[in-house]
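Descriptive structure summary
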Amino acid sequence: MKRIEAHIVDFLDTVVLIGSGSTRVLGRLLHGLNTERVFIVADRAVAGKALEIRRSVEEAGLETVYMEVEAGEAFKSLDSIVGLWRWMIENSVSRSDFLVAIGGGTLSDAAGFAAATILRGIRWCNVPTTLLGMADACVGGKTGIDFDGKNLVGAFHHPTIVLCDTSFLETLPERIYRMGFSEIVKHGLLAGHAFYKWLRDHSHELRRRVMDAVEEAIARSLRFKLGVVQRDYREVSGYRMILNLGHTVAHAIEHASGYTIPHGEAVSMGLVVELEASRMLLGFEEKRVAETRRLLEDLGLPSTPPREIDAAEALKAIMLDKKRRGGMIVLPLLEALGRPRLMRMPVEDAYRILLDAWRRVMAC
Ligand SMILES: NC(=O)c1ccc[n+]([C@@H]2O[C@H](COP(=O)([O-])OP(=O)(O)OC[C@H]3O[C@@H](n4cnc5c(N)ncnc54)[C@H](O)[C@@H]3O)[C@@H](O)[C@H]2O)c1
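Residues numbered from 1 in each chain as written. Predicted model: local features only at pLDDT ≥ 70, side-chain atom pairs only at ≥ 80, totals over all residues. Heavy atoms only, no water.

**Remarks on the sheet that holds strand E2 (residues 37-43)**
Spatially, E1-E8-E5-E4-E2-E3 is the arrangement adopted by the six strands of the open sheet, whose pairing is parallel. With one partner strand each, in any of the chains shown, strand E1 (15-18) and strand E3 (63-69) form the two edges of the open sheet. Taken pair by pair, the neighbouring strands of this sheet meet at an average axis angle of 15°, ignoring direction. Where E1 lies against strand E8 (residues 161-164), four bridges are found, and the strand directions are parallel. Opposite leucine 17, over in E8, you have leucine 163 as the bridge partner. Most of the contacts of helix H2 (residues 47-59) go to E3, to which it runs at about 170°, and overall it touches E2, E3, strand E4 (98-103) and strand E5 (123-128). (Pairing = 2+ DSSP bridges. Helix = DSSP H or I, 4+ residues; strand = E, 2+ residues; numbered from the N terminus. Axes fitted to C-alpha atoms, helices over the stretch in contact; angles between N-to-C directions. Contact = heavy atoms within 4.5 Å.)

**Digging into the site of the ligand**
Around the ligand sit 24 residues in total, of which Asp43, Glu73, Thr106, Thr130 and Thr171 are the nearest. Between the ligand and threonine 106, the relevant distance is 2.7 Å, taken from an oxygen atom to a side-chain nitrogen or oxygen of the residue. Separating a nitrogen atom of the ligand from a backbone N or O atom of phenylalanine 168 is a distance of 3.0 Å. For the ligand, whose free accessible area comes to 870 Å², the fraction covered by protein is 83%. When contributions to the shell around the ligand are tallied by element, the ones reaching two or more residues are helix H4 (105-117) and helix H5 (131-137). A breakdown of the residues in the shell around the ligand according to their chemical character gives eight nonpolar, eight polar and eight charged. (Near = heavy atom within 4 Å. Polar contact = N/O pair within 3.5 Å; in protein donor to acceptor, adjacent residues only side chain to side chain. Areas by Shrake-Rupley, 256 points an atom, 1.4 Å probe, with all protein chains shown as cover. Nonpolar A, V, L, I, M, F, W, Y, C, P; charged D, E, K, R; others polar.)

**A closer look at the nonpolar core**
Counting 95 residues, the largest nonpolar core has Leu26, Ile102, Leu189, Leu206 and Trp358 as the members making the most contacts within it. No other element matches the ten residues that helix H13 (residues 347-363) contributes to this core. Here this core spans two domains, and each of domain 1 (15-171) and domain 2 (175-363) adds at least three residues to it. Aside from chain neighbours lying at most four places away, what touches tryptophan 358 is Val249, Ala252, Ile253, Val273, Pro305, Ile309, Ala311, Ala314 and Leu315. Phe39, Met88, Val93 and Ala101 belong to the second largest nonpolar core, which has 22 residues in total. (Core = buried A, V, L, I, M, F, W, Y, C linked by side-chain atoms within 4.5 Å. Buried < 20%, exposed > 50% of the residue type's maximum accessible area, 1.4 Å probe, protein only. Domains from an automatic or database assignment.)

**Topic: unusual backbone geometry**
A positive phi angle is found at aspartate 148, which is not glycine, with a value near 60°. In this structure, aspartate 148 sits in the loop between strand E6 (142-145) and strand E7 (153-156). Residue aspartate 148 is classed as exposed on the basis of its relative accessible area, which comes to 75%. Of note, the phi angle at glutamate 235 is positive, near 55°, even though the residue is not glycine. One can find glutamate 235 in the loop between helix H8 (211-231) and helix H9 (247-256). Classification of glutamate 235 by relative accessible area gives partly exposed; the value is 28%.

**Concerning helix H11 (residues 286-298)**
Over its 13 residues, H11 extends 19 Å from the first C-alpha to the last, a length consistent with the 18 Å expected when each residue adds 1.5 Å. Along H11, the residues that are buried comprise Arg288, Val289, Glu291, Thr292, Arg293, Leu295 and Leu296. Structurally, H11 contributes buried residues whose contacts are with helix H6 (174-191), helix H7 (193-207), helix H10 (263-282) and H13. At the exit of H11 stands glycine 300, carrying a positive phi of roughly 85°. (Expected span 1.5 Å × (residues − 1).)

**Some details on the pairing of E4**
Side chains on a regular strand alternate between the two faces of the sheet. For E4, a buried count of six out of six residues is recorded, marking the element as mostly surrounded by other parts of the structure. What you see with E4 is no split at all: Phe98, Val100 and Ile102 on one side and Leu99, Ala101 and Gly103 on the other are buried throughout. Both E2 and E4 contribute to a ladder of five bridges, which runs parallel. Looking at the pairing, alanine 42 lines up with isoleucine 102 of E4. The sheet contact formed by E4 and E5 spans six bridges and is parallel. Among the inter-strand pairings, glycine 103 is bridged to a residue of E5, identified as proline 128. Regarding topology, H4 serves as the crossover connection from E4 to the parallel E5, and that connection is right-handed. (Right-handed = clockwise from strand over helix to strand, strands pointing away.)

**Here we look at the domain arrangement of the chain**
Under the domain assignment used here, the chain contains domain 1 (15-171) and domain 2 (175-363). Each of domain 1 and domain 2 has a C-alpha centre, and the two are 28 Å apart. Taken together, the contact pairs 24 residues of domain 1 with 25 residues of domain 2. When domain 1 packs against domain 2, close to 2,000 Å² is buried across both sides, 68% of that on carbon and sulfur atoms. Sorting the residues of domain 1 by area buried against domain 2 places Leu131, Ala135 and Phe156 first, and these three jointly supply 30% of that buried surface. Counting across the domain 1 and domain 2 interface gives two salt bridges. Of the charged contacts, one joins lysine 225 and aspartate 136 as a salt bridge, the two residues approaching to 2.8 Å between their closest N and O atoms. Here domain 1 is connected to domain 2 by ten residue pairs in polar contact (both at pLDDT 80 or more). (Buried area = accessible area lost by both parts, 1.4 Å probe. Salt bridge = Lys/Arg side-chain N within 4 Å of Asp/Glu carboxyl O.)

Below is the structure:
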């Protein structure tokens, strides 16, 4: 018997730049990466600035192929991927080419998946244009589409370059802007006291889009997430699942509302319920639950699930789905700020705990 072992590295180094006007350096960065042609796909909502980026890439001596699309959750579909594949193939895509995605999380999830699959994977650059995109979705390498369920088909394919050009945030509608804060607060809770306190001290500046503060929040958020991702990129050890804090209840709320409650708002409510569950199960400090509620509210987010949603029904629907997948659930909870614990338990237990926590939150 012969045995061969090899260490195959599939994780590229990645560079992240955060700041107004950071997209101006894209052409120069691409130049150093042995590419000649750049496929740019942009959300139509940001077409003006996307065309400026295209011009600057061409001024750096690179050829571009450009397309605008209608982004939004409906864009995360197989049809969109087929459209992106065709567009690249018809324009003779080659393995050294780059795909640049300019848009929010929906555009980058789908475009990143197209980059992961065309010619077995070409390099790509992520230019997030929403706060959620900048503070969360732009790193970590999860790409994909909604197929028979949200995010059920996809690939890990990390962008080589990430440019968080905060000037994009100037045109972002208020409600969409605020939704980015739920993932930032989640990262603050997981990261620990320093980041959490910084968020509490700067919530008013963040709400008013004071850019120095926004850039600092994005940087802290991405540094934390990248630290987690480096430990468990493909979610094999399970550690990366701590990033799902608040999301079990959030999915229940989104689903029960028929997806009329947007993800960022559902995560905010989900965080509060799951912090309450953390208090009940792991002794997470009571005053921190109340403090986090206030922080989310200061950032313009709802902290209590709507009364119209029947908690028992909403949780049952989600748990039934989990039950079909093996009967156990991993619930990330917090012992204290910065001390997450992955709680593996039977679905029925998670249902009881979360329902109890949800009802307590409603009673406060
Ligand atoms: N890959 C990951 O790690 C990850 C993490 C979190 C969320 N996500 C995914 O991200 C998606 C949500 O992303 P999102 O919240 O960015 O939503 P989105 O991409 O749908 O953007 C929200 C809306 O804002 C518009 N828009 C975008 N940028 C704008 C700008 N600068 N000015 C004006 N309008 C603008 C878009 O056209 C859209 O209508 C979800 O599908 C979610 O699953 C992925």
